[in-house]
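Architecture at a glance
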Amino acid sequence: MNKPLAGVKILDLTHMLSGPYGTMLLADMGADVIKVEPLQGEGTRKLLATDPANSLHGFGAYFITLNRNKSSVAVDLKTAQGKELFYQLVKQVDVVVSNFGPGVPQRLGIDYETLRQHNDAIITCTITGFGSEGPGANRPAFDQVAQACGGGMSITGSSPDTPLRAGIPIGDLAGGMFAVMGIQAALIERFGSGKGQHVDISMLDCQISLLNYMATMHFLSGENPFPIGNGHFVHVPYNSYKTQDGHIIVAVITDNFWQNLKTVVDVEAFADAKYDGQPGRYADKDFIDSTLNAIFSTNTNKHWITLLEQARIPCAPVNKFSDALNDPQVRYRNMVVDIYHPDGAKTQAPGNPIKLSRTDEDSFSPAPHIGQNTEQILRTLLGMPQDSIESLRQQQIIN
């Protein structure tokens, strides 16, 4: 396998979105991700599974996308034999990932302090709403809770009176992305120390991190920013504009771009020297935006994008999914890939955004049936004989 994480073995106890997305990225990069499920299967299997428009042979869009490149072991961790089987697997792997609520890993006996007794080099990672410790750690959380608590909703939309969540579930997805970074950092550190450690990812922490320079602006000014739609608090023109058949965005962030824009739109008032610098443009932001809206509405997206690109002005159409997923650049970079149902049916999904020059294999195996790989993994990873496997199956310890 020509993938960067080939040889890394991960037990994946995650469900819903944040955890499965993180382990999907790790699996895309070659980690051997073993999905450890209860006998009835992980709960996300049921999402959209019977929706005729959003499922494939009983696999909903969530499950078939998030669990590609993974294998499945179904084991009842609530039994003593199932727990012991899990501990045997822990001895053979590098990482255990979960996104249960705080305290649940301890109650299940799958927390770092317990697992390190079975494998001193084990790396564990938990993704929770608010972290594993602190005065608010026990609060339940999902994507929109994280977005709201993290401040991002207060600056999204066009009015302080109507806070708006991001259309993409950035609360969940950021948790998965930061988990990948934390796990890789722990793996690199282990090369030197030989020791494992725990990676504690809070979805709220991730949202606070994404505030970045805007948080620093708040600390400097003492002011709370407010939502300004698609405009910008510094650059003008920097906004979305309606055309005959959709919307485009124009992002003039330097004075040179402004001069270029004047060659595309013929507006006598724009020749005024006061607009040659950002302060003058910002002072007349409403006039500039309304004038551009009137001009851009006279022709199509394609017409204006062609002219703006020729003038080297940062711009883009506001794409629908059907546009974005068929963009030639997106397709060229293999960001739309075929994914399969284990029975052979096919659909498509976003590809792996991490492109490497040497370990560059881009392949995607199907999301597994419940326990599809239980027998194979117990034989190859644990060396378990067939009669022992059959005994566990008859006792309903495994599936």
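All of the points below concern the structure found in this document. Note that the structure is predicted; figures quoted are calculated from it, not measured.

**Structural notes on the pattern of salt bridges**
Within the structure shown, the criterion is met by 16 salt bridges. Residue Arg68 is joined to Asp28 by a salt bridge in which the shortest nitrogen-to-oxygen separation is 2.7 Å. One end of the pair, Arg68, is in the loop between α2 (61-66) and β5 (70-74); the other, Asp28, is in helix α1 (residues 18-28), with 40 residues separating them in the sequence. Assessed through its relative accessible area of 1%, Arg68 is described here as buried. The salt bridge partner of Lys285 is Asp289, with a shortest N-O separation of 3.2 Å.

**Focus on the packing of helix α15 (residues 374-382) against helix α16 (residues 386-394)**
As a packed pair, α15 and α16 sit with axes 10 Å apart at the nearest point and diverge in direction by 140°. Looking at the two axes, α15 sits oblique to α16. Relative to α16, α15 is oriented so that their crossing is right-handed. Across the interface between the two elements, Glu375, Leu378 and Arg379 from α15 touch Gln386, Ile389, Glu390 and Arg393 from α16. Of the residues assigned to the contact of α15 with α16, the class counts are two nonpolar, one polar and four charged.

**A closer look at the side chain of Asp111**
Relative to the assigned elements, Asp111 resides in the loop between α4 (104-108) and α5 (112-115). Of the side chains bearing the opposite charge, Lys83 lies closest to the buried Asp111, which forms no salt bridge; the N-O distance is 8.7 Å. Look past the residues within four positions of Asp111 in its chain and what remains in contact with it is Pro105 and Gln106.

**Points about unusual backbone geometry**
Following Val236, the chain continues into Pro237 via a peptide bond in cis, with omega recorded as -5°. Along the chain, Pro237 turns up in the loop between α8 (203-221) and β9 (238-242). With a phi angle near 60°, Met16 is a residue other than glycine that sits in the positive phi range. Locating Met16 in the fold gives a position in the loop between β1 (9-12) and α1.

**Description of the pairing of strand β6 (residues 95-98)**
On β6, burial covers both faces: Val95 and Val97 on one face and Val96 and Ser98 on the other are all buried. The pairing of β1 with β6 spans three bridges and is parallel. Along β6, the bridge assignment pairs Ile10 with Val95. Judged from the four bridges that link them, β6 and strand β7 (residues 123-128) form a sheet pairing that is parallel. Residue pairing across strands places Val97 opposite Cys125, the latter belonging to β7.

**Comments concerning the sheet that holds β9**
Hydrogen bonds between backbone atoms are what pair the strands of a sheet, whose relative direction is either parallel or antiparallel. As summarised here, the arrangement of the three strands in space is β9-β10-β11, forming an open sheet in which the pairing is antiparallel. At either end of the open sheet lies a strand with only one pairing partner, and these are β9 and β11 (315-317). Ignoring which end each strand starts from, the neighbouring axes of this sheet average 20° apart. One ladder, built from five bridges, connects β9 with strand β10 (residues 247-251); its direction is antiparallel. Directly across from Asn239, in β10, lies its bridge partner Val250.

**Considering the sheet that holds β5**
Read from one edge to the other, the open sheet built from six strands follows the order β5-β2-β1-β6-β7-β8, with strand pairing classed as parallel. Each edge of the sheet is formed by a strand with only one pairing partner; in this case those strands are β5 and β8 (198-202). Averaged over all adjacent pairs, the angle separating strand axes in this sheet is 20°, with direction ignored. Here helix α3 (residues 80-90) sits on the sheet in contact with β1, β2 (32-37) and β6, set at roughly 155° to β1. Against the sheet, helix α7 (residues 170-193) touches β6, β7 and β8, its axis set at about 165° to β7.

About the thresholds
- Residues numbered from 1 in each chain as written.
- Predicted model: local features only at pLDDT ≥ 70, side-chain atom pairs only at ≥ 80, totals over all residues.
- Heavy atoms only, no water.
- Salt bridge = Lys/Arg side-chain N within 4 Å of Asp/Glu carboxyl O.
- Helix = DSSP H or I, 4+ residues; strand = E, 2+ residues; numbered from the N terminus.
- Buried < 20%, exposed > 50% of the residue type's maximum accessible area, 1.4 Å probe, protein only.
- Axes fitted to C-alpha atoms, helices over the stretch in contact; angles between N-to-C directions.
- Parallel < 35°, antiparallel > 145°, perpendicular 65-115°, else oblique.
- Left-handed = near helix turned anticlockwise from the far one by under 90°.
- Contact = heavy atoms within 4.5 Å.
- Nonpolar A, V, L, I, M, F, W, Y, C, P; charged D, E, K, R; others polar.
- Lys, Arg positive; Asp, Glu negative; His and termini not counted.
- Pairing = 2+ DSSP bridges.

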